[in-house]
Structure formats: C-alpha cells, structure tokens
Amino acid sequence: MAKKPVLNLILMGPPGAGKGTQAKMLVEKYGIPQISTGDLLRAAIASGSELGSKVQSYVTSGGLVPDELVLDILLNRLAEKDCQAGFILDGFPRTVGQAGSLGKALTAKKMEMAAAIAITVADSELLDRLTGRRICKGCSSSFHVKFSPPKKDGVCDRCGGELQQRKDDTAEVISHRLHVYHEQTQPLIEYYRKAKIMHLVDGIGQIDVIFQNICAIIESLKGLDSTQVKG
Ligand code: AP5
C-alpha cells in the first residue's frame, strides 16, 4: 500500500529572512521537527568533534560547507524516528547538488517533499536583522535587540540563559553570506518551481502575519493527511 503523504517541508530564504523564527512556530503548531543544518553544524563545532573542526572555517567565514559533509549530517538526522511524520528543513538544500541528493535519498525511501516555501526579504533589510540578532546559549531561542527584544537585556525570556551574538553575524561575514545565497541558493527557487512545489512568502512585516501566510500555504496543500494540516 502507498504511504500517506506527510508534511515534509523546505523553508528557504536568504540569511536573516526568518527561517529559524518561522520554523520554530511551525514545530509548535504541527508537531514536526525543525532540522536546521546551521544548528547541526554549530553543535558539531561546539562539541569539538572531528566533523566540527572540518566545518568550522566554512561556518565562521560564511561560506558553504562542502555538500558531502552536510549531506551526511542531514541524512543521519532524517533517519531518526521523529522525522517519520514529517519535518521542516531549515537551511537545506543550499545548492542544486544538495537538492538533487536530497531528492534521490527521499525517492529511495519512497518519500517526497510536500512544499518548498521561500521567505523573500530584500538584502537591505537583512543587515539590521542579523547584526541585531541575539541567541540564547542555553535554549537557542532567538531575539532581536530592536524587533523582538528580551524583557531583560542580554537574558533569555524562556530559560534565563545568556544571550550572545553569532560569530557570522558581523557586517563583513553577512555580506559574504548574502553573496553566497544569491549565487548558489537562489537558483533553487527555479529548481523547485519546475518541480511544482515552490511557494513564495513576503518576509517583511509582523512575524505573526508571515506565520499565518505560511500556514495558509500548508493548509492548501493537496493530498496531505488532513489531521496533520489542522495542526
Ligand atoms: P544557518 O544557520 O542556516 O544561517 P542562515 O541561512 O544564514 O540563516 P540565519 O539563521 O542567519 O537566518 P534565519 O533566516 O533563520 O533568520 P532568523 O529567523 O534567525 O547557516 C549558517 C552557516 O552554516 C552557513 O553560512 C554555512 O556556512 C553553514 N550551512 C548551513 N546549512 C548549510 C548547507 N545546507 N550547506 C552548506 N553549508 C551550510 O531571523 C533573523 C533575525 O531577524 C532574528 O533576530 C529575528 O528575531 C529577526 N526577525 C525574524 N523575522 C522578522 C521579521 N518579520 N521582522 C523583523 N525581524 C525579524
């Protein structure tokens, strides 16, 4: 018997578009995991593992980690049990090569992507968003000094942990990340348009309104198990 289609999503967009912010809200609503390759790579670096030392220079300079390394990490994560009912890919794929490998891996498991959702934001907005971002050391919650400040300066509202700035959130590295995005990742919009699963969402405006627009796309997807899309 054919497997029921599940809520396998790709969340795309330039650095600072709000992928992580929206993915966390989708996790709460739909109960499927967020798989952020950026988070997985930063965790590998923080653990001091061999993999972490291989990827560190790419992540801190804003370049892309070689496809084979990131693919390995991603496929291991997708094999975990909590991904069976669906997942949100945040920051993967980032190259046409990664998209091809993902497609092959899913086909081998008789799975497919339900949608690729790209959050669009002009580059001019992104510098402010990223230089003002602060991440909790304890629970990874994300804040912004102007747009979503914590109640107490430097302290996480959720767990009381210390807030810190990401090493790649400096003006110079952000400019390189944007260049890499336009050159290597933006072509995926056309790639998934051809696959007829591409949806664009305006990423400027209130976070809640953008979230509602993303949910409306998800709820319009045909063929999905209706108990999933009701959240
Ligand atoms: P990754 O961690 O994926 O970083 P990124 O893609 O650059 O995206 P960000 O996490 O910076 O931004 P976001 O879109 O999640 O925005 P957020 O919601 O936080 O990757 C880091 C690095 O890892 C890469 O450079 C690369 O080296 C490596 N890597 C990762 N994946 C890879 C792959 N597949 N292949 C190869 N290498 C890979 O929001 C940003 C800020 O804006 C926050 O402060 C937030 O509060 C605020 N904000 C959010 N929405 C709004 C809004 N609507 N209005 C105002 N402010 C908002």
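Above this text sits the structure in question.
Residues numbered from 1 in each chain as written. Predicted model: local features only at pLDDT ≥ 70, side-chain atom pairs only at ≥ 80, totals over all residues. Heavy atoms only, no water.

K.L.:
Just to check I follow, could you spell out the nonpolar core for this structure?
P.N.:
Within soluble globular proteins, side chains that are nonpolar tend to cluster in buried spots. With 29 residues, the main nonpolar core has Leu 89, Leu 102 and Tyr 192 as its most contacted residues. For this core, the elements supplying multiple residues, two or more each, are β1 (7–12), α3 (50–61), α4 (67–78), β3 (86–90), α5 (96–108), β4 (115–120) and α8 (187–194). At six residues, the largest contribution of residues to this core is made by α4. With residues near it in sequence (within four places) discarded, Leu 102 still touches Ile 10, Leu 74, Leu 78, Leu 89, Phe 92, Pro 93, Met 113 and Tyr 192. Formed by 26 residues, the second largest nonpolar core is a distinct cluster that contains Leu 7, Ile 32, Ile 214 and Cys 215. (Core = buried A, V, L, I, M, F, W, Y, C linked by side-chain atoms within 4.5 Å. Buried < 20%, exposed > 50% of the residue type's maximum accessible area, 1.4 Å probe, protein only. Helix = DSSP H or I, 4+ residues; strand = E, 2+ residues; numbered from the N terminus. Contact = heavy atoms within 4.5 Å.)

K.L.:
Which parts of the structure should I look at to understand the site of the ligand?
P.N.:
Around the ligand, the surrounding shell holds 37 residues, and the nearest of these are Thr 21, Gly 63, Arg 94, Arg 133 and Arg 177. At a separation of 2.9 Å, an oxygen atom of the ligand approaches a polar side-chain atom of Arg 42. Protein coverage of the free-state accessible area of the ligand, which is 1100 Å², stands at 95%. For the shell around the ligand, the secondary structure elements donating two or more residues are α1 (19–30), α2 (37–47), α3, α6 (123–131), β6 (142–144) and α9 (207–219). The leading source of residues in the shell around the ligand is α2, at four residues. (Near = heavy atom within 4 Å. Polar contact = N/O pair within 3.5 Å; in protein donor to acceptor, adjacent residues only side chain to side chain. Areas by Shrake-Rupley, 256 points an atom, 1.4 Å probe, with all protein chains shown as cover.)

K.L.:
Help me understand the sheet that holds strand β2 (residues 34–36), please; the structure alone is not making it clear to me.
P.N.:
Picture the strands of a sheet paired through backbone hydrogen bonds; they go either parallel or antiparallel. Read from one edge to the other, the open sheet built from five strands follows the order β2-β3-β1-β4-β8, with strand pairing classed as parallel. Only two strands of the sheet have a single neighbouring strand rather than two, namely β2 and β8 (198–202). Strand after strand, the sheet turns through a mean of 25° between neighbouring axes, direction not considered. As paired elements, β1 and β4 share four bridges and run parallel to each other. Paired with Ile 10 across the strands is Ala 116, a residue of β4. (Pairing = 2+ DSSP bridges. Axes fitted to C-alpha atoms, helices over the stretch in contact; angles between N-to-C directions.)

K.L.:
I keep staring at unusual backbone geometry and nothing clicks. Help me out?
P.N.:
The phi torsion of most residues other than glycine is negative, and most of the peptide bonds are trans. Here the residue pair Phe 92 and Pro 93 is connected by a cis peptide bond, since its omega of 0° sits within 30 degrees of zero. Of note in this structure, Ser 140 is not a glycine but carries a positive phi near 65°. Among the structural elements, Ser 140 can be located in the loop between β5 (133–136) and β6. With phi around 65°, Lys 196 is a residue other than glycine that occupies positive phi space. Within the element layout of this structure, Lys 196 appears in the loop between α8 and β8. For Lys 196, a relative accessible area of 75% corresponds to the exposed category.

K.L.:
Honestly, the state of the cysteines in this entry has me stumped. Any pointers?
P.N.:
Covalent bonding between the sulfur atoms of two cysteines is what defines a disulfide. Under the counting rule described, the total for this entry stands at zero disulfides. In this structure Cys 159 is a free cysteine whose sulfur lies 3.5 Å from that of Cys 136, the closest cysteine sulfur available. Classification of Cys 159 as partly exposed rests on a relative accessible area of 44%. As a non-bridged cysteine, Cys 215 has Cys 83 as the owner of its nearest cysteine sulfur, 20 Å distant. (Disulfide = S-S within 2.5 Å.)

K.L.:
How should I be thinking about the side chain of Arg 77 in this particular structure?
P.N.:
When you line up the elements, Arg 77 lands in helix α4. The class for Arg 77 is buried, based on a relative accessible area of 15%. In contact with Arg 77, not counting residues within four places along its chain, are Pro 33, Ile 35, Leu 40, Asp 82 and Cys 83.

K.L.:
Looking at this structure, how should I read the sheet that holds β6?
P.N.:
Taking strand neighbours across the sheet as the criterion, the three strands line up as β6-β5-β7 in an open arrangement whose pairing is antiparallel. Looking at which strands have only one partner, the edges of the open sheet turn out to be β6 and β7 (163–164). Where β5 meets β7, two bridges bridge the pair, whose relative direction is antiparallel. In the strand pairing of β7, Ile 135 is matched with Gln 164. Set on the sheet, α6 makes contact with β5 and β6; between it and β5 the angle comes to about 40°.

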